[in-house]
Each structure stands twice: as structure tokens, then as C-alpha cells.
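One-letter residues, chain by chain:
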Amino acid sequence: NSGSHDLEYLYEQDGLYHTRDIVVDNTSVRVIFLDTRSFRDHPYIRSLGEVDFPLSAIVAAAIRASYSVLGFGRMFEGDVLGSEQWRWLEEQLKEASTPSDASPEFTIIVSSIQLLTTNPVVESWSHFPLAKKRFFDLLSKYNLANLLFLSGDVHMGELSSAQYRRADGKSGAWYEVTSSGLTHTCATSR
């Protein structure tokens, strides 16, 4: 329902993170778009996808899996969002969780990389463990109603969930829909 002129401020902002409020069938939805590329540090294990040689993606996946099994990088301090986007995200979460007429009934957080996956082979927030912990600690601080994560980048579709405990002691589940590659599954290549 919004035109491209509504996003003109993104040309002057470092990064593409932004928020859109939409109404679907009289239900308010806040969509928080994260920019997980512009400010991201290099991962603990550099991607061999940057190098052009046969089977580089398979070799890179094998290395990431091996490092995960061996425990390398568990305390890696690399960041995904950058300091300004972290500050902005906390403002968005605080606003979305504060009861008011403007509070959304649903909140969707869009991340180009997966948040909840436990698969060490694919690129995800898991390769930035302290940033991922910071992200979930921030979410636990605020009471967002009906939160859903939307991600992609792994060339397959997936539905994931994770249990959480908020700062006030209440617990529940977060859900993530990975929407890329809807033409095949992990079990098939077609």
C-alpha cells in the first residue's frame, strides 16, 4: 500500500534497514526489515564461495560443519547489524511492545540469513554467536505479540521454532519461516 517515494529516506541512510506498518484484513502488522549485509563482519570461517574453483560451495560447507563439531568460533565476537542498526532495532522493538493504539497485533522480523537454524553448514546468525545472543536477549527484554521471523538465502524452504524465556520469566516459542527455494527441499535437488 506504499509507494517507492515512502522509501526515499533509505538513499540517505547507511544500510537498508527499515520498518513498514501494514494492515491486512483489519489486522495491524509491523514488518521490521534488518540489513544483515551492509555492516556484517566477516564470519569466523570465510566463505569459499568468494573463490571461484570447482566444488567451492561443498568444500566451504564441509569446513563450516567441521568447525562447528570441533567447537571453533563459539565465542566469535563478529557482528551482524552494526551499532547504529542495533540502536534502531531496540527502538523498534520497544515501540512495538509498548501498549498503545499504534501497537501492532503481529510483528514480522525479516532477516536475509536464518536466525533459528541449527544447521552449521548454511550461512546464518549462528556463525555470529555473540551477535545472535545479543539479538535474542533484546527480544527477551520486550514482549512482542505474535512475533514471526522471515528469512531466506539457503535455497530451500523451512519452518523452524525455538523456545525462549523472557526477562520477566515467561516463556514461549518463536517461529521462523525460511522462504527461499520453494521449488525443492533438503531431500531433493529438484
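All residue numbers refer to position in the chain's written sequence, counted from 1. Local features in this predicted model are restricted to residues whose pLDDT is 70 or higher, and side-chain atom pairs enter the listing and the counts only when it is 80 or higher, whereas totals over whole chains, interfaces and linings include all residues. Values reported for side chains reflect all heavy atoms of the structure, with hydrogen atoms and water molecules removed beforehand.

**Brief notes about the side chain of S151**
Secondary-structure assignment places S151 in strand β4 (residues 147-151). A relative accessible area of 4% places S151 in the buried class. What qualifies as a polar contact is a pair of N or O atoms within 3.5 Å, subject to a donor-acceptor requirement within protein and to the restriction that residues adjacent in sequence count only when both atoms come from side chains. A polar contact is formed between the side chain of S151 and the side chain of T178, at a distance of 3.0 Å. Look past the residues within four positions of S151 in its chain and what remains in contact with it is S111, I113, Q114, E176, V177, T178, S179 and S180. What counts as a helix is a DSSP run of H or I of at least four residues, what counts as a strand is a run of E of at least two, and both are numbered from the N terminus. Think of it in three bands: residues with accessible area under 20% of the maximum for their type are buried, residues over 50% are exposed, and the middle band is partly exposed, with areas taken using a 1.4 Å probe on protein chains only. Here, two residues are considered to be in contact whenever any of their heavy atoms come within 4.5 Å of each other.

**Describing helix α3 (residues 129-141)**
Side chains that are three or four residues apart share a direction in an α-helix, a result of its 3.6 residues per turn. Between its first and last C-alpha atoms α3 spans 18 Å; for 13 residues at 1.5 Å apiece the expected length is 18 Å, and the two agree. If you check which residues of α3 are buried, you get P129, A131, K132, F135, F136, L138, L139 and S140. Among the structural elements, α2 (83-97), β3 (106-110), β4, β5 (158-165) and β6 (171-178) are those in contact with the buried residues of α3. Multiply 1.5 Å by the residue count of a helix minus one, and that product is the helix's expected span.

**Concerning the environment of S180**
For S180, the location among the structural elements is in the segment after β6. The spacing of S180 and D153 is 27 residues in sequence and 6.1 Å in space, taken between C-alpha atoms. Discounting chain neighbours no more than four positions away, the residues touching S180 are S151, G152, D153, V154, H155, M156 and G157.

**A word on the pattern of salt bridges**
Salt bridge, as applied in this entry: a Lys or Arg side-chain nitrogen positioned within 4 Å of an Asp or Glu carboxyl oxygen. Going through the model one piece at a time under the given rule, you end up with six salt bridges. The closest approach of N and O atoms between E84 and R87, which form a salt bridge, is 2.3 Å. One end of the pair, E84, and the other, R87, are both in helix α2, three residues apart, so they sit about a helical turn from each other. In this structure, the salt-bridge partner of E90 is K141, at a minimum N-O distance of 2.8 Å. Of the two residues, E90 is situated in helix α2 and K141 in helix α3; the sequence distance between them amounts to 51 residues. Under the relative-accessibility criterion, E90 is labelled partly exposed at 25%. Overall, K141 belongs to the exposed group, its relative accessible area being 52%. Counted as one network, the salt bridges with shared partners bring together D21, R30 and E95.

**Points about the pairing of strand β2 (residues 27-33)**
Between any two strands, pairing holds if DSSP finds at least two bridges. Bridge count for strand β1 (residues 18-24) against β2 is seven bridges, and the pairing is antiparallel. Residue pairing for β2: V24 is matched across the bridge by T27. Counting the residues between successive antiparallel strands, the hairpin from β1 to β2 contains two residues, one of them, D25, with a positive phi of roughly 50 degrees. The pairing of β2 with β3 spans five bridges and is classified as parallel. Along β3, the bridge assignment pairs I32 with I109.

**Describing the packing of aromatic side chains**
Here is the rule: rings of Phe, Tyr and Trp (six-membered ring for Trp) pair when centre to centre is within 6.5 Å. Planes less than 30 degrees apart are stacked, more than 60 are edge-to-face, and the remainder are tilted. Applying the stated criterion across every chain yields a total of 10 aromatic pairs. Aromatic side chains W125 and F135 sit 5.0 Å apart centroid to centroid with 45 degrees between the ring planes, which places their arrangement in the tilted category. With W125 in the loop between β3 and α3 and F135 in helix α3, this pair connects stretches of sequence that are 10 residues apart. Like F135, W125 is buried. Seen from their ring centres, F135 and F149 are 6.2 Å apart, and the 50 degrees between their planes marks the pair as tilted. One end of the pair, F135, is in helix α3; the other, F149, is in strand β4, and 14 residues separate them in sequence. For the pair formed by F135 and F149, the shared burial category is buried. Clustering of aromatic rings is evident, with ring pairs tying together W86, W125, F135, F136, F149, Y164 and W174.

Function cannot be read off these values alone, since they describe shape.
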